[in-house]
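Structure assessment
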Amino acid sequence: MKQLLSIIFIALTVNLFSQTPISTPSQCSNVTITNITTNSLKISWTKPTCTGVVIVLKPAANTRSAPVNANMGSYSGSSNYGSGTNLGNANYIVYMGTSTAGNITVTGLGSNFNFEAIAYAYNYGCTSYLFGSCVSFGYLANTSYSSSNSEQHYSLATEPTVAPSLSVTSTGTTTAVLTFTGSSTWNLITAYQAGVGAFNYPIDGTYYTPSTVFGSGNQIGGTGSNHFSVYSNSANNSVSISNLLPATNYYAIAYGYNGSGSSTNNSYNYYNNYDYVYFSTYNSPPTINSVSNYTVCQDAPTTTVSLSGISKGTNAAETQTVSLAAYSSNTTIMPNPTISYTNPSTTGVLSFKPNAGQSGLVTISVYVNDGGPNNNQTIKQFTVNVKGIPYAAGSITTATTTLCKVKNGVVFSVPTISNTTTYNWSLPPNSTVTAGANTNSITVNFSITANSYNVSVYGSNTNGCGNGTSSSLLVNFDNVPTTSNAGANQQICNNLTALTANVPTIGTGAWTFVLLV
């Protein structure tokens, strides 16, 4: 019997006291603030195993006021800041509930205020049992506080309405000085290399640690964008950027922004309008040695000229590809020369050849280009004097081609011969030029014995490049007629009288007489 009563007592005890009351839950974690605007923000958290969560938002500078278990039943939350329960010191409940969503967007904050969000986990249920029955219901909130269940962040400042201005003050081989002005609180200056970096807008509420050493500041757009922050401070200033590549193109952008705070928690609001400049670091100009002047004759064969001292410039850090070209100042006389060159050789060969039959002075310009963004071209010039050969002589003209062997004042002419300074005439022996010697029109006296002769002429000059082709004219010469002699005067009577006279051996003659009455 005693054994039975012991068993019954143990069973009643287990039945009366086996109920477990609620306990304080573990705390919320991973509290973060995102999606920040000028009057709103989004609070996210991770909920532990518990009944619900109380999210409190307060000014960061205000004293923390935690939920009180005894008052939990009277609390209410509102996502409109200031409308939920105030736990004291402007610690407003912005959310109280059992949802597992883990985030809420709070509005009505106002701009440029620093807030702190704290997430408290709680349980609701029976806090004590008696003989198996709950005798007390209530809330048990975990009011612990740490960096895991809290987060601070500003609401954004008012966005600027005027873009800053940006200009390039100077550039060097690896440096650039930029000057900027603006009406916002601050300016963010960024830069990226053309063709390498990518343009990106800064994200509101984010501080981009700058560095005037290009490539060391935070990247606008994240790692790999190669769009670097080089300055973030006052609205009116200048910045000297170093560590740029020589002979390289860059973009620099100026963003105005308002706000306050620290690098990790701020209200910075960037204006989407911006100013930018395109600039290039200094390029040392390419080099080439001077070329001597040349003199060639008309119709000369191809002439080759050695080019030397070719380089991309004096800065060893530059990596451009050098190209060469040459141009003639008068392509009628000489076409553009050709150049044989392979980068990065320091030498090359230029070839030129005058057009057939052409002469004159030509300037040859040799262009060396390294493709740099500035100072990318060097020009060397030299002259080529193409000495002309006299043209072929034209037809010789004269009044008649049959002359007496003794004849004075005979004129021979030939049209003007190009490239000629001296007209060289070939005349029969014992001929005398009385006017126009060495010109294209001469006057000649003849006293010769020849019966015919090819009178010729060709042009020459002092160029030393040869004579022109000659032209000739066959001229026939007749002997001078025999001198007439009619004999002595005679008186003629009524009878026939014979007159004596010489018989001409050259030419023909006729008698004339005078009748005296």
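Whatever comes next refers back to the structure up there.
Residues numbered from 1 in each chain as written. Predicted model: local features only at pLDDT ≥ 70, side-chain atom pairs only at ≥ 80, totals over all residues. Heavy atoms only, no water.

Turning next to the pattern of salt bridges. Side-chain pairs of opposite charge can arise whenever the charged atoms involved come near each other. Evaluation of the coordinates by the stated rule reveals one salt bridge. Of the charged contacts in the structure, one is a salt bridge between K58 and E116, with a shortest N-O distance of 2.9 Å. Taken together, the residues K58 in strand β3 (residues 52-59) and E116 in strand β6 (residues 114-130) connect sequence positions 58 residues apart. For K58, a relative accessible area of 1% corresponds to the buried category. With relative accessibility at 3%, the residue E116 sits in the buried group. (Salt bridge = Lys/Arg side-chain N within 4 Å of Asp/Glu carboxyl O. Helix = DSSP H or I, 4+ residues; strand = E, 2+ residues; numbered from the N terminus. Buried < 20%, exposed > 50% of the residue type's maximum accessible area, 1.4 Å probe, protein only.)

What follows covers the state of the cysteines. What the rule picks out here adds up to two disulfides. Between the sulfur atoms of C126 and its disulfide mate C134 the distance is 2.0 Å. Because the torsion about its S-S bond is 110°, the bridge between C126 and C134 counts as right-handed. Exposure remark for C126: the relative accessible area of 4% places this residue in the buried category. (Disulfide = S-S within 2.5 Å.)

With that out of the way, let us pick up the environment of N461. Position of N461 among the secondary structure elements: in the loop between β29 (452-460) and β30 (471-478). The sequence separation of N461 and T422 amounts to 39 residues, and the corresponding C-alpha distance is 6.0 Å. Excluding its chain neighbours within four sequence positions, the residues that come into contact with N461 are G388, P390, N419 and T421. Polar contacts involving the side chain of N461 include one to the main-chain carbonyl oxygen of G388, which spans 3.1 Å. Polar side-chain contacts of N461 include one of 3.0 Å to the backbone nitrogen of N463. (Contact = heavy atoms within 4.5 Å. Polar contact = N/O pair within 3.5 Å; in protein donor to acceptor, adjacent residues only side chain to side chain.)

Side-chain direction in a regular strand flips from residue to residue, so the side chains alternate between the two faces of the sheet. Where strand β9 (residues 165-171) meets strand β10 (residues 176-181), six bridges bridge the pair, whose relative direction is antiparallel. The partner of V168 across the bridge, within β10, is L178. (Pairing = 2+ DSSP bridges.)

As paired strands, strand β16 (residues 294-297) and strand β22 (residues 377-387) are joined by four bridges and run parallel to one another. Of the residues in β22, the one forming a bridge with V296 is V386. Where strand β21 (residues 360-369) meets β22, ten bridges bridge the pair, whose relative direction is antiparallel. Bridge assignment links I364 to a residue of β22, and that residue is F382.

In this section: the side chain of Q27. You can see Q27 is positioned in the loop between α1 (2-17) and β1 (29-34). Judged by its relative accessible area of 16%, Q27 is buried. Within the structure, the side chain of Q27 is placed 2.9 Å from the backbone nitrogen of A121, a separation counted as a polar contact. Polar contacts involving the side chain of Q27 include one to the main-chain carbonyl oxygen of S144, which spans 3.0 Å.

A surface patch of nonpolar side chains, amounting to about 500 Å² of accessible area, comprises F199, Y201, Y274, Y276 and Y278. By the element assignment, Y278 lies in strand β15 (residues 269-280). (Patch = residues over 30% accessible without salt bridge, like charges linked within 9 Å, V, L, I, M, F, W, Y side chains within 5 Å. Areas by Shrake-Rupley, 256 points an atom, 1.4 Å probe, with all protein chains shown as cover.)

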